[in-house]
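Below, each chain spelled out in residue letters.
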Amino acid sequence: MTALFLPLYERMLEYGWYRRLLLAGAAVLTLLLVLNALSLMHLPKRRMSLIWLVGVSVTAALVVEFASLERTVGRVQPFDGTSPTICARVLEWDRTDYGSKYLIETLDNESFPNHLRARLYTYQEQAAEAGDIIQITAPVTADIQNYDKSRGIYFYVFGGETAIECIRSQELLRDRIIEETQTLYDDPVLGIVEGVLFGEKGNIEEPIRQMMTDAGLVHLLAVSGIHISLMGAFCGKLFSFVRIPKRFAALLSLGPVWGYIALAQFSPSAVRAGIMATMYTLGMLLQREGDTLAALCTAAIAVLAVSPYSLYSISFQLSFLITLGIILCTSPIAQVLLTTGPVDWLMGRGGERMEKLLRTLCSTAAASLAATVFSMPVMLYHFQYTAIWGVLAAELALWAAAPLMVFAVLSVLFALLHSLSGWLVFLLVARVAAGFAGIFARWILLVSKAISSLPGALFYSHDISMMLCGGVLVALLLLAVCKWKGLSNAAKRSRMACFVSCSVFCLCVTMTAETLSDKGMLTIFSTENALVLTRDGQGALVGDVCDEYEAQDVLSILRCEGVERLELVLCTSEDTDESVGLDMVVEQMRPKMVAVEPKGTMYAHILEAMDGTETVSPQSLYAQLLGGVSIQMLDESVQIEAGGKKLLKTGQRCDIIDQGGSEVRRVYLLPEQSALKINMDGKAGTQG
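This structure is a prediction, so every number in the text was calculated from the model and none was measured.

Strand order in the open sheet formed by seven strands is 5-6-3-2-1-4-7, with mixed pairing between adjacent strands. On the outer flanks of this sheet lie strand 5 (140-141) and strand 7 (165-168), each paired with one strand and no other. Relative to strand 3 (residues 117-122), strand 2 (residues 100-106) is paired through six bridges, and the arrangement is antiparallel. Counterpart to Lys101 in the pairing with strand 3 is Tyr121.

Next up, the structure:
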């Protein structure tokens, strides 16, 4: 988006009044939204407010993104490619295969910009913890991933072998709380508790995280609206217990809520929920019924105004889309579920408790269905998968999130009191609360394990038709709930039956077409430094995997193609220093053969990940696999022959060589976007 509108931004700089006019317009529209959210005024044509609000959000996003370019990116550009001395505070630390990486914030620098976030990569072991002040002289690059920009990161620092000087040590409150949590819980409960409370995923083992992903419960490990609402309700009950009026109890609850958001490091989903909770509380104080759509749009503009590149954040996109779906579709779908035969029969014969339970279950199912449908296009676009059984998992596990949070918060609170006072009674209460929290955490794990073992729990697809299918499902659901209040019960059931049947038909047709079109087809995908070859559930990897991002791209491609184990991994570099992410691919895909030079810092990690897999030298390698595909390692390139065509890979260049050798047609496969398909009879074609 930045590249697309950059010429317009440069034009805006020539006319300062034009830029000020846009910023003033965005401010006025935001004020109107706030007033509408608090029902202090009503916008005309309220039924069309959704379209109007979306337009306002997009306009405001563009304006604040323009305003941010000069203020942030422009401050780093003069240092791109240089090696300045940087003083910074460590915000996060993580261990990698090659050393360590840090999230830092610059401060107290004379020439370098202050209060900017950056990623620091180094081959050294841990030299500082969160809160410490460090200093390093290392190369800087401003060419970074949009994912990092969405977190407020605007440049990378590559420390290499350079030692990090720790100037001052400082312990953060968040780290102190996490440390107390780690003394109370053991794996795997520790990972669940840290994920639910703080959005911290460092102590969650990869198999457990994948299991929760398959079950559609991984959103519990990121602080979002569920966590904020539970925290607000808990604090409200606590203040009401001491006989504080309900309205003022809700206002006092905002303090702990925003403190909790700070502990979650102000993730976009947490900030969105906090802003909407604040708007709701102000509406209560003014005795007004708020407009949730206007509050949602206000939250979007506020988040983008502070951090414009949050627009690229997957957390931002999923949070706002899912919340929009829940606002629009939960009530209509829940009404249909309540009028179905079995539920209606139970409500007629059960008591008040049964009716309340059924209403809760129907509301949970409706919200989960809306969240699944509205998140499907984003999940398919970014991760190439979507959870099929998420609605069932939500019915079984979401109820446990509330008591888990309550007991976990109490356990950490009493553990902190014990560390401050030394009284053993506080430690006893903390361990009892931790025991109850562990019960609910294990229930979530049990549900995740059961749901993830169901057939087709996670559906993978990288085809654009599946993304369009997800968009069609969103449109169908919006049409199904349009003008819902004026419909009879029979019309409501008819609409939802039509939505379900059309959705199933759309999904089945799309999946069948994909399966038939890919049958017997050799598909060659290109990432930044590697080629991924797949055919009928078999796969091979040729090239280098240079970082974690590229490793995730390779794994996504292989899973979408149904590859469970690679036939061959061919590392084309002279040593393994450039293949930092290769061990991640090898560990998860367990190739039958790995061709790699026994040189470089990553070779030991690759050997450990292979766990007994056969390894050979790539020199003069000639392999036949994937039903008639030959791969040959030449002096400085790799030649792949299939279906009467020869593909020559040299570095990042891929050339299709005519069989006669008289003509060479240059083809550059765009990273992560293009694929070359070759029929085994020799016909070739490309797809986006």
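Tyr185, Ile192, Leu217, Leu404, Leu477 and Met496 are the most contacted members of the largest nonpolar core, which totals 85 residues. Broken down by element, this core gets its largest block of residues, nine residues, from helix 17 (residues 424-452). Non-local contacts of Leu477, meaning those with residues more than four positions away in its chain, are made with Cys329, Ile333, Ala370, Val373, Phe374, Met496 and Phe499. Residues Val532, Met584, Met602 and Tyr603 belong to the second largest nonpolar core, which totals 26 residues.

Attention shifts here to the side chain of Ser411. Among the structural elements, Ser411 can be located in helix 16 (residues 401-421). You can call Ser411 buried: its relative accessible area is 0%. Beyond its immediate sequence surroundings of up to four residues, Ser411 is in contact with Leu184, Tyr185, Ala430, Ala433 and Ala434.

Aromatic rings in a pair are described by how distant their centres are and how their planes are angled relative to each other. Within the structure shown, the criterion is met by 14 aromatic pairs. With a centroid separation of 5.9 Å and 85° between ring planes, the pair formed by Tyr121 and Tyr156 is classed as edge-to-face. Placement of the pair is Tyr121 in strand 3 and Tyr156 in strand 6 (residues 153-160), with a sequence separation of 35 residues. Under the relative-accessibility criterion, Tyr121 is labelled buried at 17%. The exposure class assigned to Tyr156 is buried, which follows from its relative accessible area of 7%. With a centroid separation of 5.7 Å and 15° between ring planes, the pair formed by Tyr121 and Phe158 is classed as stacked. Of this pair, Tyr121 sits in strand 3 while Phe158 sits in strand 6, and the two are 37 residues apart along the sequence. On the basis of relative accessible area, Phe158 is assigned to the partly exposed category, the value being 39%. Taken together through their ring pairs, the aromatic side chains of Trp399, Phe407, Phe436, Phe440 and Trp443 make up a single cluster.

This paragraph deals with a nonpolar patch on the surface. A surface patch of nonpolar side chains, amounting to about 660 Å² of accessible area, comprises Ile388, Trp389, Leu392, Leu396, Trp399, Trp443 and Leu446. Listed by contribution, the elements that provide at least two residues to the nonpolar patch are helix 15 (390-397) and helix 17. Along the chain, Leu446 turns up in helix 17.

It is worth spelling out the pattern of salt bridges at this point. A full pass over the atoms with the stated rule returns one salt bridge. When the shortest N-O distance is used, the salt bridge between Glu567 and Lys592 registers 3.3 Å. With Glu567 in strand 13 (residues 566-570) and Lys592 in the loop between helix 21 (582-589) and strand 14 (593-595), this pair connects stretches of sequence that are 25 residues apart.

Of all eight residues in strand 6, six are buried; the element is thus mostly enclosed. The pairing of strand 5 with strand 6 spans two bridges and is classified as antiparallel. Opposite Val140, over in strand 6, you have Val157 as the bridge partner.

The rules behind each value
- Residues numbered from 1 in each chain as written.
- Predicted model: local features only at pLDDT ≥ 70, side-chain atom pairs only at ≥ 80, totals over all residues.
- Heavy atoms only, no water.
- Pairing = 2+ DSSP bridges.
- Helix = DSSP H or I, 4+ residues; strand = E, 2+ residues; numbered from the N terminus.
- Core = buried A, V, L, I, M, F, W, Y, C linked by side-chain atoms within 4.5 Å.
- Buried < 20%, exposed > 50% of the residue type's maximum accessible area, 1.4 Å probe, protein only.
- Contact = heavy atoms within 4.5 Å.
- Phe/Tyr/Trp six-rings, centres within 6.5 Å; stacked < 30°, edge-to-face > 60°.
- Patch = residues over 30% accessible without salt bridge, like charges linked within 9 Å, V, L, I, M, F, W, Y side chains within 5 Å.
- Areas by Shrake-Rupley, 256 points an atom, 1.4 Å probe, with all protein chains shown as cover.
- Salt bridge = Lys/Arg side-chain N within 4 Å of Asp/Glu carboxyl O.

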